[in-house]
Amino acid sequence: MLLPVLDIYTAFGMVALSAWTLLGVLWLLGRRFWAQGVPYVMAAAFCFGVAYWLFAIQKSLPPAWAMTGAHLCISVAIALLAIGYQRFRGQQWSLTDAITLGLPLLLLFAGMVAAPSDMSLQVRLRGVLFIGQLLWQLHVLLRATRGSASLGWKLVVAGLLVQILALMPLVIYGERQFVPAANMGIKLLLPWMMSMVMFLNLQITAYGYLRMLQDRQHEAERKAAGLDGLTQLPSRRTLMEHVPTAMALAEKEGSSLGLLVLDIDHFKKVNDRYGHVAGDAVIQHVAWVLRNQIREQDFPARYGGEEFVVLLPQATSDIVYSTAQRIAHAVHAEVVAHDDERIRVSVSLGAHLQKVHAGLCWEEMLAVADAALYEAKNTGRDRVVLSAAARAQVMASPSPAAGTTSQQCRNG
Ligand SMILES: Nc1nc2c(ncn2[C@@H]2O[C@H](COP(=O)(O)OP(=O)(O)OP(=O)(O)O)[C@@H](O)[C@H]2O)c(=O)[nH]1
């Protein structure tokens, strides 16, 4: 017997929506029952229920009333869901984000109410919805300007590709092929498959978008905590906040403060040859090396794109020199594996050491270390250059390392 496509489609949508709402409620309840967002989600579920009821009794009401009422309930429910989630997570979503996430639900319902008795009109409406969803997915893609390479981004792109592929039968066979007939066979499957794809894609894309919003939120939290998003090292701002404390302590102790400025060599070429994502992996790798090669009390920071700074409190010339050499050596020695590529990079370092006294200016210290870095770059890269002041201390130092230290310490 011929399956009533419309009824199945409607039931499918109802089940999907109920599951969606239920999942949302369980998710929120599971995390924190009394959180402020819960009542909103409950109210949203209630509105969905009213909408369902209006659909169910639509035949005994003037159709325009039933449809308008149901749509109103759904819109309110979507807004409540968005607000509930926003309240609960403390997310700083824009209204556009909330609407973007609410749209799939609206599309799903629009798909269900696009149900005139004329089958060919119904199919045509569904085609329009299908294309509407495609446009929505493009909109999400355009909004997702950040978070490339993240799972959320991949899901959004995957959803869009699947949608385009699924549109092919419609383009190739034309809408008429989708009108159910008595001797259906495969033709019955096509509208079904389209509905399935549409539903799954809504979920995939909406989930991907949600992931991206969460990533964005985490990034903001990290920034608030003073960490750089890519490397998890303290950011430049955090370093600048830390410097006065470090200098004051060194002055009080009468100790020297070491300073390393590190820059990845020919990094532009890495980006050009392997791509920006691989470049990011290299930056992460260098940050990882930095973290592993310094002492616990040292303070590393990502200063800018591919530039890092390390503060070394209570440092001696020996410590500054050996730390810089170890970092340069470790970066040079290890390859960064990214996809199928194995990338080898080197770094140049400018190192400076200074006894901290009243009136010493951080900018001066940084300028001296920067000049040493500049020299390292100009004399072949992949090396450590000590500032004149640091060198003088190395010369004066009786340590074994000092005896072998030259102004430029080439790596390897
Ligand atoms: N992948 C990636 N690239 C970045 C990031 N920040 C800056 N860059 C790139 O780093 C490159 C820095 O290049 P340059 O300053 O010309 O220096 P370089 O190519 O490393 O050459 P030298 O420093 O002279 O050895 C630029 O192409 C920036 O676009 C980042 O966070 N990720």
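Residues numbered from 1 in each chain as written. Predicted model: local features only at pLDDT ≥ 70, side-chain atom pairs only at ≥ 80, totals over all residues. Heavy atoms only, no water.

A tally of regular secondary structure across the chain gives 14 helices and 8 strands. Taking all 412 residues of the chain together, the buried fraction comes to 46%. Looking at the chain alone, contacts between residues at least 24 apart form 74% of all its contacts between residues at least 6 apart. Roughly 20800 Å² of accessible area belongs to the chain as shown, and the carbon and sulfur atoms make up 64% of that amount. (Helix = DSSP H or I, 4+ residues; strand = E, 2+ residues; numbered from the N terminus. Buried < 20%, exposed > 50% of the residue type's maximum accessible area, 1.4 Å probe, protein only. Contact = heavy atoms within 4.5 Å. Areas by Shrake-Rupley, 256 points an atom, 1.4 Å probe, with all protein chains shown as cover.)

With that settled, consider unusual backbone geometry. At glutamine 314, a position not held by glycine, the phi torsion is positive, near 45°. Within the secondary structure layout, glutamine 314 lies in the loop between strand E3 (307-312) and helix H11 (317-333). In this model, arginine 381 sits at a positive phi of 65°, which is unusual for a non-glycine residue. Within the secondary structure layout, arginine 381 lies in the loop between helix H12 (362-378) and strand E7 (383-386). When its relative accessible area of 27% is taken as the criterion, arginine 381 is described as partly exposed.

All right, on to H12 then. In a regular helix each residue adds 1.5 Å, so 17 residues correspond to 24 Å; H12 covers 24 Å between its end C-alpha atoms and thus fits that length. For H12, every residue scored as buried is listed here: Trp362, Met365, Leu366, Ala369, Ala372, Leu373, Ala376 and Lys377. Mapping the buried residues of H12 onto a view down its axis gives an arc of 145°, with all of them on the same face. In H12, those exposed residues whose orientation departs by more than 90 degrees from the buried face are Tyr374 and Asn378. Residues of H12 that are buried sit in contact with helix H8 (236-253), strand E1 (256-264), strand E2 (299-304), E3, strand E6 (347-355) and E7. Just beyond H12, the residue with positive phi is glycine 380, at close to 120°. (Expected span 1.5 Å × (residues − 1). Arc of directions from axis to C-beta.)

Turning our eyes to something else, we now look at the nonpolar core. Counting 36 residues, the largest nonpolar core has Leu260, Ile264, Val282 and Phe308 as the members making the most contacts within it. Contributing elements (two or more residues each) for this core: E1, helix H9 (267-274), helix H10 (276-293), E3, H11, E6 and E7. With 8 residues, H10 is the largest single contributor of residues to this core. In this structure, Val243, Ala250, Tyr303 and Leu366 belong to the second largest nonpolar core, which totals 20 residues. (Core = buried A, V, L, I, M, F, W, Y, C linked by side-chain atoms within 4.5 Å.)

Another aspect to go through is the packing of H10 against H11. Axis separation between H10 and H11 bottoms out at 10 Å; the angle between their running directions is 140°. In this view, H10 runs oblique relative to H11, as classed from their interaxial angle. The way H10 lies across H11 gives a crossing that is right-handed. The segment H10 lies against H11, with Val286, Val289, Leu290 and Gln293 engaging Thr323, Arg326, Ile327, Ala330 and Val331. Class assignment of the residues belonging to the contact of H10 with H11 gives a composition of 6 nonpolar, 2 polar and 1 charged. (Axes fitted to C-alpha atoms, helices over the stretch in contact; angles between N-to-C directions. Parallel < 35°, antiparallel > 145°, perpendicular 65-115°, else oblique. Left-handed = near helix turned anticlockwise from the far one by under 90°. Nonpolar A, V, L, I, M, F, W, Y, C, P; charged D, E, K, R; others polar.)

Moving on, we come to the site of the ligand. Neighbouring the ligand are 16 residues; His266, Phe267, Asp280, Arg302 and Arg381 lie closest to it. Contacts to the ligand include histidine 266, whose backbone N or O atom sits 2.8 Å from an oxygen atom. The separation between a nitrogen atom of the ligand and a polar side-chain atom of asparagine 271 is 2.8 Å. For the ligand, the accessible surface in isolation is 670 Å², of which the surrounding protein chains cover 65%. By residue number, the principal contributor to the shell around the ligand is H10, which donates 4 residues. Of the residues in the shell around the ligand, the class split is 3 nonpolar, 5 polar and 8 charged. (Near = heavy atom within 4 Å. Polar contact = N/O pair within 3.5 Å; in protein donor to acceptor, adjacent residues only side chain to side chain.)

Moving on, we get to the confidence of the model for the chain. Of all residues in the chain, 64% attain a pLDDT of 70 or more, and the chain-wide mean is 76. In the model of the chain, helix H14 (residues 400-404) stands out as the element of lowest mean pLDDT, 36, in contrast to E3, which has the highest, 97. Note on residues 1-6: pLDDT is under 50 here. Beyond four places in sequence and across chains, it has 10 contacts. Within the model, pLDDT remains below 50 along residues 399-412, and this stretch shows 33 contacts once partners closer than five positions in the same chain are excluded. ipTM for the predicted complex: 0.96, alongside a pTM of 0.54. (pLDDT = per-residue confidence, 0-100.)

By the secondary structure assignment, histidine 338 is in strand E4 (residues 336-338). A relative accessible area of 16% places histidine 338 in the buried class. When sequence neighbours within four positions are dropped, the list of residues in contact with histidine 338 reads Val277, Ala278, Ala281 and Ile343.

Examined against the element boundaries, glutamate 219 turns out to sit in helix H7 (residues 186-224). The partly exposed category is assigned to glutamate 219, whose relative accessible area is 23%. As for glutamate 219 and glycine 229, which are separated by 10 residues in sequence, their C-alpha atoms are 5.8 Å apart.

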